[in-house]
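Here are the chains, one letter per residue:
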Amino acid sequence: MENKENITGSEALLRSLLNEGVDTIFGYPGGSIIPVYDALYDYKDRLNHVLMRHEQGATHAAQGYARVSGRVGVCFVTSGPGATNAITGIGDAMMDSTPMVVVAGQVGASALGTDAFQEIDVIGITSPITKWSYQIRKAEDIAWAVARAFYIAKSGRPGPVVLDFTKNAQLERVDYVPQKCNFIRSYQPVPDMDKEKIEQAAALINNAKKPLALVGQGVILGGAEQELKFFLEKADIPAAYTLLGESAMESDYPLNRGMLGMHGNVAPNMKTNECDVLIAIGMRFDDRVTGKLATYAKQAKVIHFDIDPSEINKNVKADVAVLGNVKETLPLVSAKLKENSHKEWIASFDEYDKKEYDKVVSKELETEDGPIKMGEVVRKVSEAAANKAVLVTDVGQNQMMAARYFKFTQTRSVVTSGGLGTMGFGIPAAIGAKIAAPERTVCLFCGDGGFQMTMQELGTILQSEVGVKIILLDNEWLGMVRQWQELFWHERYSATLMKNPDFQGVANSYGIKSRRVTTREELAEGIAEMLSDNEAYLLVVNVEKKGLVLPMTPAGTDVTNIVLE
């Protein structure tokens, strides 16, 4: 029989977290979660609590931690506004399949439904944007609920879980017994594999003349990077990646032909509507990738590898759906593939690459006069970090430029807000990424708009001494909205011009070293200074005021309707 220990519910929570291997918590205390923080006082040597400056920051930091480490991110918030401030990060984690457990304080069970101070229906609010939301009303349920929460968050297609923790349950005493969960009767995280679909997929690929693989984050979440390469190499299949699938393949991997989507590379977007077999691997056919669905890849047979049955036929109809974890399904298909060669097909991408280089890339990277370009800043930072850094981005032009021009040599190197597109994601997510991988250089690119949405988290950098490198691409505009206004709204620049503070002064007030670069000649020296040690640094770069992220496929149009200039 297990040894029982009589402890408070708050301590039972902390013991349960330790039982799941948790070592880091991002959070912000408040009245309804004080008992948990009181218990945490005695666990400082075993649980590193990172005090954020806002609950949204806590969730994004937990996301950054999860994306880089592959572990479940954890955060604590209080009831009422503490819980509602966490909603954006919870929704972001759901959209981007990020494993996260949020523990929210709640008023005592006897006060539920009375509109007590800082009471809000957390379960009602979060149920649509979580894998599971559960209210703990009794201390005896804590060990069970935490074990279940972690199992749900990390298994199958990962995602966020919320535990709404009433104050009475935090204070009650319980005979604590650790629990583990690896099965829930009503929940099947990995669907059953259909061997017939494996055969059908292999047959389609073996007969393909122009196959194209679309690589999504599912490859990274499944730890299937090597299985992907074996699959691609055996059948000689060119591959393109989604925004979140970006570092599944090294940037210079020979079969890596670039990024899909609205601001992706020309060749893979054009070839989507030329290929005869389209192989989607752990991706969900997001509208930013497909453009107009009515004209998307109509000529191709579609094979869709995914762990989530709800994604099959949701947007693009699959001729063959291979359900399961791609780490297991890809090798089964690979085993049935013929050694193949598609040299001519792969070479046909080069013409589009050259066109894109001449019309877009060369102007972004090789301009010698005029204002500094965003793309050249990104590429120079990436190269100065030997293409080994973790890239974190905020949202907007900075995000798309970073995704286009940063280079990668290892997996789990991209942390960005994909599905929800959350401005303000960058600074807290970079904090979480750096804490997850203190030995790696973490480079955050953000615009002046997104930076100011969560710049209070510079206080977390100050207090927790997190050595993130922040590159602020300052153009004094809300750049991506301005780009749309320029291209599609007759240059009616409504509410997008920004008057900014002295960013260096802000950094200085938080004890963060900084420098502003105003000319191209200063850029290399500024980057070198930023990367010279492991301390936090803000590099503000004055970039082109009205730069455009090109290529661009206008929203809702055919994926081949690409604007280059």
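Shown above is the structure to which this text applies.
Notes on the structure follow. These numbers were taken from a predicted model, which means no experiment stands behind them. (Residues numbered from 1 in each chain as written. Predicted model: local features only at pLDDT ≥ 70, side-chain atom pairs only at ≥ 80, totals over all residues. Heavy atoms only, no water.)

In this sheet, strand 20 (residues 537-542) lies alongside strand 19 (residues 513-517) in parallel orientation, the contact comprising five bridges. The residue bridging Ser-514 from the neighbouring strand is Leu-538, located in strand 20. Taken together, strand 19, helix 24 (residues 520-530) and strand 20 constitute a β-α-β crossover, and its handedness is right-handed. (Pairing = 2+ DSSP bridges. Helix = DSSP H or I, 4+ residues; strand = E, 2+ residues; numbered from the N terminus. Right-handed = clockwise from strand over helix to strand, strands pointing away.)

This brings us to the packing of aromatic side chains. This structure, assessed with the given rule, holds 14 aromatic pairs. Relative to Tyr-296, the ring of Phe-285 lies with its centre 6.0 Å away and its plane at 75°, an arrangement referred to as edge-to-face. One end of the pair, Phe-285, is in the loop between strand 12 (277-281) and helix 13 (287-290); the other, Tyr-296, is in the loop between helix 13 and strand 13 (301-306), with eleven residues separating them in the sequence. Measuring from ring centre to ring centre gives 5.2 Å for Trp-477 and Tyr-493, while their planes differ by 65°; the resulting arrangement is edge-to-face. Here Trp-477 is found in the loop between strand 18 (469-474) and helix 22 (479-488), whereas its partner Tyr-493 is found in the loop between helix 22 and helix 23 (503-509), with 16 residues between them in sequence. Residue Tyr-493 is classed as partly exposed on the basis of its relative accessible area of 24%. Among the aromatic residues, ring-to-ring pairing joins Trp-132, Tyr-134 and Trp-144 into one connected group. The aromatic ring of Tyr-41 is capped on one face by Lys-44, whose charged end is 3.8 Å from the ring centroid. Residue placement shows Lys-271 over the ring face of Phe-349; its charged tip is 5.7 Å from the ring centre. (Phe/Tyr/Trp six-rings, centres within 6.5 Å; stacked < 30°, edge-to-face > 60°. Buried < 20%, exposed > 50% of the residue type's maximum accessible area, 1.4 Å probe, protein only. Lys NZ or Arg CZ within 6 Å of the ring centre and 35° of its normal.)

On to the sheet that holds strand 14 (residues 320-323), then. An order of 11-10-9-12-13-14 is seen for the six strands of this open sheet, with the pairing classed as parallel. Every other strand in the sheet has two partners, leaving strand 11 (256-259) and strand 14 as the edge strands with one partner each. Taken over all neighbouring pairs, the strand axes of this sheet differ in orientation by 20° on average, direction set aside. Across two bridges, strand 10 (residues 239-241) lies against strand 11 in parallel orientation. Considered in strand 11, the bridge of Ala-239 is made with Asn-256. Running at roughly 140° to strand 13, helix 14 (residues 326-334) makes contact with strand 12, strand 13 and strand 14 of the sheet. (Axes fitted to C-alpha atoms, helices over the stretch in contact; angles between N-to-C directions. Contact = heavy atoms within 4.5 Å.)

Counting 97 residues, the largest nonpolar core has Phe-231, Leu-232, Leu-278, Ile-279, Ile-281, Val-377 and Phe-445 as its most contacted members. Setting aside anything within four residues of it in sequence, one finds Val-377 in contact with Ile-372, Phe-445, Ile-471, Leu-473, Leu-523, Ile-527, Val-541 and Val-543. One finds Val-390, Val-392, Ala-430 and Phe-451 within the second-largest nonpolar core, a separate group that totals 46 residues. (Core = buried A, V, L, I, M, F, W, Y, C linked by side-chain atoms within 4.5 Å.)

This part takes up the packing of helix 1 (residues 9-19) against helix 7 (residues 142-154). For the pair helix 1 and helix 7, interaxial distance at closest approach is 9 Å and the crossing angle is 35°. Between helix 1 and helix 7 the crossing geometry is right-handed. Seen from helix 1, the contacting residues are Gly-9, Ala-12, Leu-13, Ser-16 and Leu-17; seen from helix 7, they are Ile-142, Ala-143, Val-146 and Phe-150. (Left-handed = near helix turned anticlockwise from the far one by under 90°.)

Turning to the pattern of salt bridges, a few remarks are in order. Summed over the entire model, instances satisfying the criterion amount to 33 salt bridges. The salt bridge partner of Arg-67 is Asp-96, with a shortest N-O separation of 4.0 Å. A residue pair is termed long-range when its members are at least 10 positions apart, and Arg-67 in helix 3 (residues 55-69) and Asp-96 in the loop between helix 5 (87-95) and strand 5 (100-106) qualify at 29 residues. Assigned by exposure class, Arg-67 and Asp-96 land together as buried. Between Lys-354 and Asp-358 there is a salt bridge whose closest N-O contact spans 2.8 Å. You can see Lys-354 and its partner Asp-358 sitting in helix 16 (residues 349-365), four residues apart, about one turn around the helix. (Salt bridge = Lys/Arg side-chain N within 4 Å of Asp/Glu carboxyl O.)

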